[in-house]
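Remarks on the overall topology
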Amino acid sequence: MDDVRDEILDLFDADETVLHLNPGAFGMVPRAVRTVQRRWAERIEQNPLRFFRLECQEELARVRLDVARFLDADADSIALVRNVSEATGIVLDAVGVGPGDEVVVSNHGYPTIAQAALVRGAEVVVANFGIDATDDEIAQAFREQVGERTKLVVVDQITSPTALVLPVAKVVQAVGDTPVFVDAAHSAGTLDLDIAALGAAFWATNLHKWCFTPRGTGALWVTADWRERARPAVTSWTSEKGFPASHDFPGTIDFTGMLAIAEGLEFWRAHGGLQIAERSRQLLSIGSELVHRRVAMALPDAMPDYDASWPARTAPTMRIIPLPDGAVSEPGDVSALYAALSGRGVECPPVAFEGMGLVRLGAGLHNDELDYDRYAEALVAELGRRFDDY
Ligand SMILES: Cc1ncc(COP(=O)(O)O)c(C=O)c1O
């Protein structure tokens, strides 16, 4: 076993016998960050009343400013949220999505947004485009779905099932005056950000995916025109403070995760900042070819052709490769294959997208080339059980 890999996994107390190849799904929280979080818990318990009455608001305001600085955004534009799901509800309510309205999402979009629109009685309209679509084709796909009833357009900056970086600014331009919400769940810590330059009305990220912060930490950016209407998901006695301070305190909850954000961001910086993502990009370009080659050797008739530069607009820290035809064709195949791989200590779920079976490989600080070899071995073994001609 590789010493460097194990040393890094040890920083997270992650199980070294498990292959962690999807680190951005729910994030990985370093021990140092959890220690700071625990210290906050202990400090709060020493005198809860004093903490909540005298210290909490100031501490949270400080965290919010740290996050704004980290995202290179104006202090007035960034609110603390627990996650992108929470931000989604805030955004839909800010624009007043309700019965009779349409919300445009894409066929690569994360399903929560469509659900949030549906529960508010709106209709969901889908902009369809392929994995190889050009910037113009993607912008056009969104524009074609915008009509008189469109209340909001939602574009994922990095897509979840396909790990593509979408041309957000072009989509914003293409849809004219319709407000755009950018689901940037995977963006913080992986992309060089200029949020305001995108021209969108709303942008939300998770910090807990790629920034080593505790789970339940994210940020919502809102352009000046919409701030008054972007009210907190939970109304508390601080709601009258207005955006963004009104989002700091959704009543009495466990704030220790928020209070340890700075430590997570410091871990990110200390380990290379955006260079972590650049290293991941290079590793995934090698790893994806390696996995494909091994599966194609084992199942030559079932494996689609593949070019190692595919897909051209891949995200830096995640990358898709095709699975053999028929590998995940039945409902339930994705979960069954994931469960089988997880049973072998391999954490990297397959994905079904538009009838196509894919694997979304990820890469984090702790991964190396050998990990993709191990993954290929497990995948070939599991797929082999499913194909007669193996
Ligand atoms: C693109 C995208 N949007 C939203 C989410 C939701 O994130 P959370 O569950 O932290 O709210 C995810 C989670 O994986 C995602 O990938």
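I will try to describe carefully the structure that is included in this document. (Residues numbered from 1 in each chain as written. Predicted model: local features only at pLDDT ≥ 70, side-chain atom pairs only at ≥ 80, totals over all residues. Heavy atoms only, no water.)

1. With respect to the packing of helix 3 (residues 48-70) against helix 9 (residues 261-270)
The geometry of helix 3 relative to helix 9 is characterised by a closest axis approach of 10 Å and an angle of 25° between their N-to-C directions. The angle between helix 3 and helix 9 falls in the class roughly parallel. Helix 9 is crossed by helix 3, and the crossing has left-handed handedness. Here helix 3 contributes Val63, Asp66, Val67 and Phe70 to the contact with helix 9, which in turn contributes Ile261, Ala262, Leu265, Trp268 and Arg269. (Axes fitted to C-alpha atoms, helices over the stretch in contact; angles between N-to-C directions. Helix = DSSP H or I, 4+ residues; strand = E, 2+ residues; numbered from the N terminus. Parallel < 35°, antiparallel > 145°, perpendicular 65-115°, else oblique. Left-handed = near helix turned anticlockwise from the far one by under 90°. Contact = heavy atoms within 4.5 Å.)

2. Observations concerning the sheet that holds strand 12 (residues 356-362)
Note: strands within a sheet are paired through backbone hydrogen bonds, in either parallel or antiparallel orientation. Strands sit in the order 9-12-11 across an open sheet of 3 strands; the sheet is antiparallel. A single partner strand is all that each edge strand has here, and the edge strands are strand 9 (318-322) and strand 11 (350-353). Taking each pair of neighbouring strands and ignoring which way they run, the sheet shows an average axis angle of 40°. Pairing of strand 9 with strand 12 involves 5 bridges; the strand directions are antiparallel. Bridge assignment links Met318 to a residue of strand 12, and that residue is Gly362. (Pairing = 2+ DSSP bridges.)

3. Let's talk about the sheet that holds strand 7 (residues 202-206)
What the 7 strands build is an open sheet, ordered 2-8-7-6-5-3-4; its pairing is mixed. Taken across any chain shown, the strands that pair with only one partner, and hence form the sheet edges, are strand 2 (78-81) and strand 4 (123-127). Neighbour-to-neighbour, the strand axes of the sheet open up by a mean angle of 20°, direction not taken into account. Helix 4 (residues 84-94) contacts strand 2, strand 5 (150-156), strand 6 (180-183), strand 7 and strand 8 (218-222) of the sheet and is inclined by roughly 165° relative to strand 7.

4. Thoughts on helix 2 (residues 31-46)
Here helix 2 contains 16 residues, and its C-alpha end-to-end distance of 22 Å stays within 8% of the 22 Å for a straight helix at 1.5 Å per residue. Of the positions making up helix 2, those classed as buried are Val33, Val36, Trp40 and Ile44. Along the axis of helix 2, the buried residues cluster in a sector spanning 80°; they form a single face. Opposite its buried face, helix 2 presents the exposed residues Arg39, Glu45 and Gln46, each directed more than 90 degrees away. Those residues of helix 2 that are buried lie in contact with helix 3, helix 8 (256-259) and helix 9. (Expected span 1.5 Å × (residues − 1). Buried < 20%, exposed > 50% of the residue type's maximum accessible area, 1.4 Å probe, protein only. Arc of directions from axis to C-beta.)

5. Structural notes on the site of the ligand
Every residue lining the ligand is accounted for by Asn83, Val84, Ser85, Tyr110, Asp156, Ser160, Asp183, Ala185, His186, Asn206, His208 and Lys209. Asp183 places a polar side-chain atom, nitrogen or oxygen, 2.6 Å from a nitrogen atom of the ligand. When the ligand sits alone it has 390 Å² of accessible area, and the protein chains cover 86% of it. Considered class by class, the residues forming the shell around the ligand number 3 nonpolar, 6 polar and 3 charged. (Near = heavy atom within 4 Å. Polar contact = N/O pair within 3.5 Å; in protein donor to acceptor, adjacent residues only side chain to side chain. Areas by Shrake-Rupley, 256 points an atom, 1.4 Å probe, with all protein chains shown as cover. Nonpolar A, V, L, I, M, F, W, Y, C, P; charged D, E, K, R; others polar.)

6. Comments concerning the packing of helix 2 against helix 3
At their nearest, the axes of helix 2 and helix 3 sit 8 Å apart, and the two run at 140° to each other. On the basis of their axis angle, the class for helix 2 and helix 3 is oblique. Judged by residue contacts, Trp40, Arg43, Ile44, Glu45 and Gln46 of helix 2 engage Pro48, Phe51, Phe52, Glu55, Glu59 and Arg62 from helix 3. Broken down by class, the residue content of the contact of helix 2 with helix 3 amounts to 5 nonpolar, 1 polar and 5 charged.

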